[in-house]
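Chain residues, written in single-letter form:
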Amino acid sequence: MCIGETGLGKSTLMDTLFNTSFESTPSPHILPSVKLKAHTYELQESNVRLKLTICDTVGYGDQINKDDSFKAVVDYLDVQFEIYLQEELKIKRSLTTCHDSRIHICLYFICPTGHGLKSLDLVCMKKLDSKVNIIPVIAKADTISKEELQRFKAKIIQELKSNGVQIYHFPTDDETVADTNSLMNAHFPFAVVGSTEFIKVGNKLIRARQYPWGTVQVENENHCDFVKLREMLIRTNMEDMREKTHIKHYELYRQKRLEQMGFIDVDSENKPVSFQQTFEVKRSNHLAELQSKEEKVRQMFVQRVKEKETELKDSEKDLHLKFEKLKNDHAEEKRKHEESRKALEEEFLEFQRRKQQVAASHNTMTLGKSKKK
């Protein structure tokens, strides 16, 4: 894993380190959050084959608010540990054939300012030192002089110690490599230079960076620590890094996860507890919890049914009251119409009676006139 701000030469150093071109694309400075980009490659040199996974932190350090810049990295490391743990917990495990995606080494690229570490560097390395082997490297070390570089290295080491950051140190318990590793540990952090260009120096083509004032040879130990880093990473201590990842970092994660799952080694009386016993206890607790949840759901269902029945009864009562009111209103309206009809009929009868009287009176007057004639 390569962690560092955009533009520090992480991809270039990887190409230089493994003498190939991984064809990585430059990252912009406008990403809203940190993203991790992992690619797996099959490398072969002579008869040696290497399965290599390179994980780059895209957009690291480009945000205005850098409080959560390390979160994506921590989550990625935990996910890889969890994948391995789930494979390990299977009945039929295939740990020897499955792809181990755990990160065994983290190269933390430090900006060559000469003024010490940034707060982002210290916070991130402190969050990661219990999850991955960290090797700090000073990127683009050809931008500062040798005197400034030595002071810068001493300041970085002093700041790491004062802040309690645990970086990876090459092992010195093996007599065959003890002297070499002790000497290399004194060179922390490695000042590196990467280059994808070859320049002819004498009769050889070597990786170098050409400047108006001269040439910086990548594999010249007087110019930078690239050769030291390559020897330590690829040839001398590769297996130790893998072992330390498994024995220290992964075991710490595994212990925490199993404790979260409820598995323990000893009981309250400090007596050994078998895995089966722990599983049975967890299973019993889980079933009891399920029954408790089922009872709560049942009670909740009954309560909601009762509430719904009460609500329906209230609605039914309201409908009955409305129906009775409408019925009474209708009866009252009907009674008024009957009264109006009767009144109109009486008026009509009265009108007919008066009409007959008038007609009779008119006939009487007509007959009187006829007699006189």
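Since we're looking at a predicted model, the values are computed, not measured.

Trainee: Sorry, what's going on with the pattern of salt bridges here?
Mentor: It is possible for side chains bearing opposite charge to pair when their charged atoms get close. Under the criterion given, the structure shown has 24 salt bridges. When the shortest N-O distance is used, the salt bridge between Lys293 and Glu289 registers 3.5 Å. Of this pair, Lys293 and Glu289 both sit in helix α8 (residues 275-372), 4 residues apart, roughly one helical turn. On the basis of relative accessibility, which here comes to 47%, the residue Lys293 falls in the partly exposed class. Close ionic contact of Lys325 with Asp329 constitutes a salt bridge, the shortest N to O distance being 3.3 Å. With Lys325 and Asp329 both in helix α8 and 4 residues apart, the pair spans about one turn of that helix. Residue classification places Asp329 among the partly exposed positions, given a relative accessible area of 40%. Salt bridges sharing partners connect three or more residues here, namely Lys153, Glu221, Asp225 and Lys228.

Trainee: Looking at this structure, I do not really get the packing of aromatic side chains. What am I missing?
Mentor: Geometry of an aromatic ring pair is reported as the spacing of the ring centres plus the angle between the planes. For the structure on display, the rule yields 9 aromatic pairs. Aromatic side chains Tyr60 and Tyr108 sit 6.3 Å apart centroid to centroid with 90° between the ring planes, which places their arrangement in the edge-to-face category. On the criterion of sequence distance, the pair formed by Tyr60 in the loop between β3 (48-58) and α2 (71-88) and Tyr108 in strand β4 (residues 106-110) is long-range, its members being 48 residues apart. The buried category is assigned to Tyr60, whose relative accessible area is 0%.

Trainee: Just checking my understanding: could you explain the pairing of strand β9 (residues 214-217) for this structure?
Mentor: Successive residues of a regular strand alternate their side chains across the two faces of the sheet. The alternating pattern of β9 places Gly214 and Val216 on a buried face, while none of Thr215 and Gln217, on the opposite face, is buried. The sheet contact formed by strand β8 (residues 204-211) and β9 spans 4 bridges and is antiparallel. Opposite Tyr211, over in β9, you have Gly214 as the bridge partner.

Trainee: So what exactly am I meant to see when it comes to a nonpolar patch on the surface here?
Mentor: On the surface, a cluster of nonpolar side chains totalling about 240 Å² of accessible area is made up of Phe301, Val302 and Val305. Relative to the elements of secondary structure, Phe301 occurs in helix α8. Judged by relative accessible area, which is 56%, Phe301 ranks as exposed.

Trainee: Where do I start with the nonpolar core in this structure?
Mentor: Nonpolar side chains in soluble globular proteins generally cluster together in the buried interior. With 64 residues, the main nonpolar core has Met14, Leu128, Ile135, Phe170, Phe190 and Leu229 as its most contacted residues. Discounting residues that sit within four places of it in the chain, Met14 has contacts with Cys2, Phe22, Ile54 and Leu107. Counting 5 residues, the second-largest nonpolar core is a separate cluster that includes Phe81, Leu85, Tyr250 and Tyr253.

Trainee: Help me understand the side chain of Asn133, please; the structure alone is not making it clear to me.
Mentor: When you line up the elements, Asn133 lands in the loop between α3 (119-128) and β5 (134-138). Assessed through its relative accessible area of 2%, Asn133 is described here as buried. A distance of 3.2 Å separates a polar atom in the side chain of Asn133 from a polar atom in the side chain of Thr245. With residues near it in sequence (within four places) discarded, Asn133 still touches His104, Ile105, Cys106, Tyr168, Met241, Lys244, Thr245 and His249.

Trainee: Mind showing me how you'd approach the packing of helix α1 (residues 10-17) against helix α6 (residues 226-236) here?
Mentor: Two quantities define a packed helix pair, namely the angle between the helix axes and the distance between the axes. Between α1 and α6, the least distance of the axes is 11 Å, while the angle of their chain directions is 70°. Between α1 and α6, the angle is such that the two are roughly perpendicular. Along this stretch, α1 crosses α6, giving a crossing that reads as right-handed. In contact with Leu13, Thr16 and Leu17 of α1, α6 contributes Phe226, Leu229, Arg230, Leu233 and Ile234. Split by residue class, the contact of α1 with α6 holds 6 nonpolar, 1 polar and 1 charged.

Trainee: I would appreciate a short explanation of the sheet that holds strand β7 (residues 198-201) in the present structure.
Mentor: Backbone-to-backbone hydrogen bonds join strands into a sheet, with any given pair of strands oriented parallel or antiparallel. Spatially, β7-β8-β9 is the arrangement adopted by the 3 strands of the open sheet, whose pairing is antiparallel. Both outer strands of the open sheet, β7 and β9, are each paired with one neighbouring strand and no more. Pairs of neighbouring strands in the sheet enclose a mean axial angle of 65°, with direction left out of account. As defined by bridge partners, β7 adjoins β8 across 4 bridges and the pair is classed as antiparallel. Residue pairing for β8: Lys200 is matched across the bridge by Leu205.

So, how was this worked out
- Residues numbered from 1 in each chain as written.
- Predicted model: local features only at pLDDT ≥ 70, side-chain atom pairs only at ≥ 80, totals over all residues.
- Heavy atoms only, no water.
- Salt bridge = Lys/Arg side-chain N within 4 Å of Asp/Glu carboxyl O.
- Helix = DSSP H or I, 4+ residues; strand = E, 2+ residues; numbered from the N terminus.
- Buried < 20%, exposed > 50% of the residue type's maximum accessible area, 1.4 Å probe, protein only.
- Phe/Tyr/Trp six-rings, centres within 6.5 Å; stacked < 30°, edge-to-face > 60°.
- Pairing = 2+ DSSP bridges.
- Patch = residues over 30% accessible without salt bridge, like charges linked within 9 Å, V, L, I, M, F, W, Y side chains within 5 Å.
- Areas by Shrake-Rupley, 256 points an atom, 1.4 Å probe, with all protein chains shown as cover.
- Core = buried A, V, L, I, M, F, W, Y, C linked by side-chain atoms within 4.5 Å.
- Contact = heavy atoms within 4.5 Å.
- Polar contact = N/O pair within 3.5 Å; in protein donor to acceptor, adjacent residues only side chain to side chain.
- Axes fitted to C-alpha atoms, helices over the stretch in contact; angles between N-to-C directions.
- Parallel < 35°, antiparallel > 145°, perpendicular 65-115°, else oblique.
- Left-handed = near helix turned anticlockwise from the far one by under 90°.
- Nonpolar A, V, L, I, M, F, W, Y, C, P; charged D, E, K, R; others polar.

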